[in-house]
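Observations on the three-dimensional arrangement
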Amino acid sequence: MAILSPLKADCIIFDVDGVLMETSQSFPEVIRSSVPRVWEHLLGRKSDSSPFTIRHFETSKMFPFLNDDYDICWGILSVAASKGKDGLDESFPTPWEWEETLRRVDLSEGSFVEWMKESFGDLLPYEQTRKICEELYFGEEKTKEILKRKPLFEGDPGFWRQEKPLFKRHWKKIPLPVGIYTGRSRKELYLALEALGWEDLPSERTVCSDDGIKKPSPEGLNVICHRLGTSWPLFFGDTASDRAALKALGRGDFVAIGAILKDSEFRFSKVEDAIRALGLYLSA
């Protein structure tokens, strides 16, 4: 049986989505909305609605190599496109078919994207798919303001508006050095920090996808620990990629937040519940 050793912790590192921020109505909805848009605009095929469900999303998050939500959209549509049919509904994999596909992924000779292209063909433009997802997240106004470009589609409000903070405490109220290791881009993280009231968190305490470090790599945790002068992180995450990153680091403790990692030995509904359960020494 694993033993949690929070008293050894000399820093706390947070994931963002599902941990510090409620994102169930943002990133999953970005994918759901992107699926028919990509199918029609990039592939020139027909769609009546989006067959992407929360079950597809939760299945994706069971696999450490799918931390990036925009890769979920590109990957699942690559499977659909490979069937050579015009209609989206008839082409789209069921959650169980998607899970079976992900179980076959072999990263021994390359990345998830490389494996998908080798297995299903290079049918769907990768970067253009990601741009469509990104612009749905930011919306028309923030795409112009933050991304500094005109969006491909007009009138999108931005799914970031559907996010809410899950943690009310300011980072300075936590009596251990605080860092963030996230799959978000730095511009996406900016919106989350603004909502949390953490705009003053020094950027050197954060590692984002723009930094060229992506989960499940432990390097993000290692970098933050080095910058903080610490060695034993208490890492709060909610997906398989978070857990795998801490395991690969080889030191520290992992605490699961939310419902995705049902098999995690140490799991709490919310960060605040976890902090309370871990002892008064973490109280503000």
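Moving on to the pattern of salt bridges. Applying the stated criterion across every chain, the model contains 23 salt bridges. The closest approach of N and O atoms between Asp-71 and Arg-130, which form a salt bridge, is 3.0 Å. Taken as a pair, Asp-71 in helix H3 (residues 69-81) and Arg-130 in helix H7 (residues 126-145) lie far apart in primary sequence, 59 residues in all. Here Asp-71 matches Arg-130 in class, with each residue buried. The salt bridge involving Glu-99 is made with Arg-103; its shortest N-O contact spans 2.6 Å. On the criterion of helical spacing, the pair formed by Glu-99 and Arg-103 is a turn pair, its members being 4 residues apart in helix H5 (residues 95-104).

This part covers helix H9 (residues 219-228). Gly-220, Leu-221, Val-223, Ile-224, Cys-225 and Leu-228 are the residues of H9 that are buried. Looking at the packing, one finds that the buried side of H9 touches strand S1 (11-14), strand S4 (178-181), strand S5 (206-207), strand S6 (233-237) and helix H10 (240-249). Positioned one or two residues after H9, Gly-229 has a phi angle of 70°, which is positive.

Take Ile-54: it is sitting in helix H2 (residues 54-60). With a relative accessible area of 48%, Ile-54 lands in the partly exposed category. Here the alpha-carbon distance between Ile-54 and Pro-28, two residues 26 residues apart in the chain, equals 6.9 Å.

This paragraph deals with the sheet that holds S5. Here we have 6 strands laid out as an open sheet, ordered S5-S4-S1-S6-S7-S8, and parallel in their pairing. Each of the sheet's edge strands pairs with one partner strand only, and the pair in question is S5 and strand S8 (267-268). One ladder, built from 2 bridges, connects strand S7 (residues 253-257) with S8; its direction is parallel. Its bridge partner lying in S8, Ile-257 is registered against Phe-268. Strands S4, S6 and S7 of the sheet are contacted by H10, whose axis makes an angle of about 160° with S6.

How each quantity is defined
Residues numbered from 1 in each chain as written. Predicted model: local features only at pLDDT ≥ 70, side-chain atom pairs only at ≥ 80, totals over all residues. Heavy atoms only, no water. Salt bridge = Lys/Arg side-chain N within 4 Å of Asp/Glu carboxyl O. Helix = DSSP H or I, 4+ residues; strand = E, 2+ residues; numbered from the N terminus. Buried < 20%, exposed > 50% of the residue type's maximum accessible area, 1.4 Å probe, protein only. Contact = heavy atoms within 4.5 Å. Pairing = 2+ DSSP bridges. Axes fitted to C-alpha atoms, helices over the stretch in contact; angles between N-to-C directions.

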